[in-house]
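A look at the structure
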2 protein chains.
Amino acid sequence: MAKQNTVFKDAFNRCLELFAETATLPSEPELGQALGVSRTTVRAILTRCEELSLIAWDKRSKTVLRNPEPSDYFPSEETDSLAERIERSFMRRILAGGAEPGMQINELELAREIGTGTTSVREFLIRFSRFGLIEKRPNSHWVLKGFTREFALELTEVREMFELRSAARFVSLPEEDPAWEELRTIEAVHREILAAIDERYGEFSELDERLHLLVHKSSSNRFIIDFYDVIAIVFHYHYQWNKANARERNARALEEHLDYIAALQSRDPMSAEQACRRHLKSARETLLQSIP
Amino acid sequence: MAKQNTVFKDAFNRCLELFAETATLPSEPELGQALGVSRTTVRAILTRCEELSLIAWDKRSKTVLRNPEPSDYFPSEETDSLAERIERSFMRRILAGGAEPGMQINELELAREIGTGTTSVREFLIRFSRFGLIEKRPNSHWVLKGFTREFALELTEVREMFELRSAARFVSLPEEDPAWEELRTIEAVHREILAAIDERYGEFSELDERLHLLVHKSSSNRFIIDFYDVIAIVFHYHYQWNKANARERNARALEEHLDYIAALQSRDPMSAEQACRRHLKSARETLLQSIP
DNA sequence: CTTCTGTCTATTGTAGATAAAAGACAGAAG
DNA sequence: CTTCTGTCTTTTATCTACAATAGACAGAAG
């Protein structure tokens, strides 16, 4: 098992969705473009489609023979990349499981538990180390620094610096910048969700990320934008983990977002700064409350 | 060749230095402590010392028989860890060699050139990616983003945010904080170097890192402190690469540092901020001048 | 009863191998 | 003459293996 063929399986599944739209499939390079994979993978997909009698394929003609059935798809467990599986397992262990700061992290043990080789785990840990939650002792184990109060405070301190700076840039973006359009879209989604808050409050997490990432992006600074990954992953898993009072919390945050959005749209630096500060302050408090 | 024994070789060399101080060596755990290695490595070192008739070793008694000669040491090329070698080769390629932005980076080729396995190169690139100079195309190559003007501006923007914040913290450190002592030491070294600037201007680079790292550390924020790695590596290689007018540049920077140090020692936030801004501004300009 | 040494085990760092995926090139089809 | 397909080569992602290194434990020495 040198390499998982998850790219193939995932692209295959996505390719079946395209069948609904057209009776004849486009050329191989075009398909590759649409699915975001190379021609090699496209041909593997087409070959499998042919084997399953989903299409008739002869050189340039690719005719859809029948609509795909659920059994044609690969199960979703098989389409996740190894890196995603490792991340989930790891985060579950350190966030959900009682993981005390100072705990040792063992590459071999993690690999065995996840059912994978050590190399992948190792590379994951290296990438993950930039989130500041783990640290390497050279020639020895990793140490879990823990999702502690200090961590949250350090994270939010930088977040606030970066977001205030980005918000200040945002209000000075030229009228024709696509960010304004995206901001209006995000605003509309906010209103939709608020209108049906009882059913849709769960969609907040994703929307939150979308808004803040948009703001951070206007900094045009790769370090600021990259840092948003740290924030996103922490909040992502934090929302999954801590669902107490989610409805009220999210409703309040949505209102704050609307204020923030309005302030950005006013193009007034001062009120944007104030709205930004207010929201970040309550976001910080929410995060801190969930930490013992 | 599963693992290079550079830890052993480097510790062995450092161990020979200890011979000058004592006629009998301390216990194994103590030696391990002093050299920063495990007992396993200590015993390997002692075994080799015995083989070379450098010491007589019987259980607890370890008597030095003769002083080490140059030929006893391992050559310095063999004591560098693989990671260090890869970093140097890579930086030489991308800074010195005409490396245009957008260039593809090939793991296999790099590994062959450095004479190492792909795994190590790969892990290096993953670690290095946080410096914002390269980017991964999944399932495909890395792309060099280049040491460009934008890079320098983005880097210094964050640097200035972080250092201003850290300097503000610094002035409010309590009297007994060891940072004040370290600051006085750094100040003294500055004066020494300035007094003999023509011969010693080359020592500035290291001192610069020491001062700024001290300031950043007072933020007590892991993200700010970690970010200093990015700054340090960029300036480190930048100094090596760009030696034009080094004497004058360093002399001016030393003067600025002294102002900055005095402002910090005054405990006055306003003057610390001003001195910090002044120095960072000229550091930025120096960096930008070296980029075409 | 603390600290050391001898011995053994477990884990990390690195190389090498292999399937998956990307990508290059020439000739075919429009 | 542009875009496609067939074929082939190169590179990446991942596993496995193994030496270097760390670390554990029991008995020895003080």
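Residues numbered from 1 in each chain as written. Chains lettered and ligands numbered in written order. Predicted model: local features only at pLDDT ≥ 70, side-chain atom pairs only at ≥ 80, totals over all residues. Heavy atoms only, no water.

**What about the overall build of chain A?**
Filter applied, for reference: Here a strand is any run of E in DSSP of at least two residues, a helix any run of H or I of at least four, and the numbering for each starts at the N terminus. When checking whether two residues touch, look at their non-hydrogen atoms; a contact exists if any pair is within 4.5 Å. What sets the accessible areas is the Shrake-Rupley method with a 1.4 Å probe; for residues, cover comes only from the shown protein chains.
Along the backbone of chain A there are 13 helices and five strands. With the C-alpha coordinates of chain A rotated into their principal frame, the extents come out at 65 × 55 × 35 Å. Put simply, of all contacts in chain A between residues at least 6 apart along the chain, 65% involve residues at least 24 apart. Carbon together with sulfur atoms contributes 49% to the accessible area of chain A, which is approximately 15300 Å² in total.

**Description of the protein's contact with DNA strand C**
As a reminder, the rule being used: The criterion for a residue being near a molecule or strand is simple. One of its heavy atoms has to lie within 4 Å of it. Any pair of nitrogen or oxygen atoms within 3.5 Å is treated as a polar contact; in protein, a donor-acceptor pairing is required on top of that, and neighbouring residues in sequence qualify only through side-chain atoms on both sides.
Around DNA strand C lies a shell of 43 residues, among which T40, T41 and R122 of chain A together with R39 and R43 of chain B are the nearest. Sugar and phosphate atoms constitute 67% of the interface atoms of DNA strand C, taking the interface as everything within 4 Å of the protein. Between DNA strand C and E107 of chain A there is a distance of 3.3 Å, counted from a phosphate oxygen to a backbone nitrogen or oxygen. In this structure, a phosphate oxygen belonging to DNA strand C sits 3.0 Å away from a side-chain N or O atom of K62 of chain B. Of all the secondary-structure elements, those providing two or more residues to the surface near DNA strand C are α1 (6–18), α3 (39–51) and α5 (107–114) of chain A together with α2 (28–35), α3 (39–51) and α6 (118–128) of chain B.

**Thoughts on the nonpolar core**
For clarity, the cut-off: Nonpolar cores were defined as sets of buried Ala, Val, Leu, Ile, Met, Phe, Trp, Tyr and Cys residues, with membership established by side-chain atoms within 4.5 Å. Here the term buried applies to any residue with accessible area under 20% of the maximum for its type, exposed to any over 50%, and partly exposed to those in between, with areas from a 1.4 Å probe on protein chains only.
Of all hydrophobic cores here, the largest spans 142 residues; its most connected members are F90 of chain A together with F90 of chain B. What F90 of chain B contacts, discounting residues up to four positions off in sequence, is I105, L110, F124, L125, F128 and I134 of chain B.

**Thoughts on the relation of the copies chain A and chain B**
The test is simple: In this comparison the copies share one frame, found by least squares on the C-alpha atoms of residues holding pLDDT of at least 70 in both.
You can overlay chain A on chain B at an RMSD of 0.0 Å; the transform is a turn of 180 degrees with a shift of 0.0 Å along its axis. The transformation relating the two chain copies, once decomposed into turn and shift, fits a two-fold axis. In this assembly the copies share their binding face: 100% of the residues contributing to the interface of chain A also contribute to that of chain B.

**Comments concerning the protein's contact with DNA strand D**
The full set close to DNA strand D counts 44 residues, and R39 and R43 of chain A together with T40, T41 and R122 of chain B are the nearest of them. Of what DNA strand D places within 4 Å of the protein, 67% of the atoms are sugar or phosphate. Contact distances for DNA strand D include 3.0 Å between a phosphate oxygen and a side-chain N or O atom of K62 of chain A. Between T41 of chain B and DNA strand D, the recorded distance is 2.6 Å, taken from a side-chain N or O atom to a phosphate oxygen. At the level of secondary structure, the elements contributing two or more residues to the surface near DNA strand D comprise α2 (28–35), α3 and α6 (118–128) of chain A together with α1 (6–18), α3 and α5 (107–114) of chain B.

**Observations regarding the domain arrangement of chain A**
As a reminder of what qualifies: Boundaries of every domain are those given by an automatic assignment or by a domain database.
When its domains are assigned, chain A resolves into domain 1 (6–77), domain 2 (82–144) and domain 3 (149–289). Distance from the C-alpha centre of domain 1 of chain A to the C-alpha centre of domain 3 of chain A: 38 Å.

**Some words on the pattern of salt bridges**
We apply this condition: Each reported salt bridge corresponds to a side-chain nitrogen of Lys or Arg within 4 Å of a carboxyl oxygen of Asp or Glu.
The tally for this structure, following the rule as stated, stands at 56 salt bridges over all chains. For R191 of chain A, the salt bridge goes to E187 of chain A, with nearest N and O atoms at 2.8 Å. Here E187 of chain A and R191 of chain A lie together in helix α8 (residues 178–195), a separation of four residues that amounts to about one turn. Looking at R191 of chain A, the relative accessible area reads 47%, which means it is partly exposed. Measuring nitrogen to oxygen at the nearest pair gives 3.0 Å for the salt bridge that ties D229 of chain B to R130 of chain B. Here R130 of chain B lies in the loop between α6 and β4 (134–136) and D229 of chain B lies in helix α11 (residues 222–241), a separation of 99 residues in the sequence. Residue classification places D229 of chain B among the partly exposed residues on the basis of a relative accessible area of 40%. R130 of chain B gets classed as partly exposed once you look at its relative accessible area, which sits at 29%. If you follow the salt bridges from partner to partner, you end up with E28, R39 and R43 of chain A in one network.

**Brief notes about the side chain of N13 of chain B**
Residues and elements named next belong to chain B. Note that N13 resides in helix α1. With a relative accessible area of 12%, N13 lands in the buried category. Residues within four places of N13 in sequence aside, it is in contact with Y73, F74 and T79.

**A closer look at unusual backbone geometry**
Here N139 of chain A, not a glycine, exhibits a phi torsion of approximately 60 degrees, which is positive. For N139 of chain A, a relative accessible area of 56% corresponds to the exposed category. The phi dihedral of K59 of chain B falls on the positive side, at around 50 degrees, and the residue is not glycine.

**Topic: the packing of helix α10 (residues 204–217) of chain A against helix α12 (residues 246–265) of chain A**
Residue and element names in this part refer to chain A. Threshold: Each axis is a line fitted through C-alpha atoms, taken for helices only over the stretch in contact, and angles between the N-to-C directions span 0 to 180 degrees. Between 65 and 115 degrees an angle is taken as roughly perpendicular, under 35 as roughly parallel, over 145 as roughly antiparallel, and anywhere else as oblique. Crossing chirality is assigned from the near helix's rotation relative to the far helix, an anticlockwise turn below a right angle marking it left-handed and a clockwise turn marking it right-handed. Polar here means any residue outside two lists: the nonpolar Ala, Val, Leu, Ile, Met, Phe, Trp, Tyr, Cys and Pro, and the charged Asp, Glu, Lys and Arg; Gly therefore counts as polar.
Contact geometry of α10 with α12 gives a least axis separation of 11 Å together with a crossing angle of 25 degrees. In terms of orientation, α10 lies roughly parallel with respect to α12. You can see that α10 and α12 cross each other, and the crossing is left-handed. Where α10 abuts α12, its residues F204, L207, D208, L211, H212 and V215 lie against N250, A253, L254, H257, Y260, I261 and L264. Residues of the contact of α10 with α12, tallied by class, amount to nine nonpolar, three polar and one charged.

**Some points on the interface of chain A and chain B**
Facing 30 residues of chain A, the contacting portion of chain B comprises 30 residues. Counting every contact that joins chain A to chain B gives eight salt bridges. E157 of chain A serves as the salt-bridge partner of R165 of chain B, at 3.1 Å between the closest nitrogen and oxygen. The interface formed by chain A and chain B contains 14 residue pairs in polar contact (both at pLDDT 80 or more). With ten residues, the single largest contributor to the side of chain A that touches chain B is helix α7 (residues 149–171) of chain A. Here the side of chain A that touches chain B is built from residues that sort into twelve nonpolar, six polar and twelve charged.

**So, the packing of aromatic side chains**
For any two aromatic rings, the description comes down to two numbers: the centre-to-centre distance and the angle of the planes. The line we're drawing: Only rings of Phe, Tyr and Trp enter the pairing, Trp through its six-membered ring, and a pair is recorded when the two centres are within 6.5 Å. The plane angle decides the type: under 30 degrees is stacked, over 60 is edge-to-face, the rest tilted.
Throughout the structure, instances matching the rule amount to 29 aromatic pairs over all chains. Between F90 of chain A and F128 of chain A the ring centres are 5.1 Å apart and the planes differ by 70 degrees, which places this aromatic pair in the edge-to-face class. Of this pair, F90 of chain A sits in helix α4 (residues 82–96) while F128 of chain A sits in helix α6, and the two are 38 residues apart along the sequence. By the burial criterion, F90 of chain A is buried, and F128 of chain A matches it. Aromatic pair F170 of chain A and W180 of chain A: ring centres 5.1 Å apart, planes at 85 degrees, arrangement edge-to-face. Linking F170 of chain A in helix α7 with W180 of chain A in helix α8, this pair joins segments that are ten residues apart in sequence. In terms of burial, F170 of chain A and W180 of chain A fall into one category: buried. Here the aromatic residues F147, F151, F162, F223 and F227 of chain A together with F147, F151, F162, F223 and F227 of chain B are joined through ring pairs into a cluster of three or more.

**Remarks on the sheet that holds strand β5 (residues 142–144) of chain B**
Going by this rule: Paired strands are those between which DSSP finds at least two bridges.
One open sheet holds the three strands; their spatial order is β3-β5-β4 (chain B), and the pairing between them is antiparallel. Across the chains shown, the open sheet's two edge strands, defined by having one partner strand only, are β3 (104–105) and β4 of chain B.

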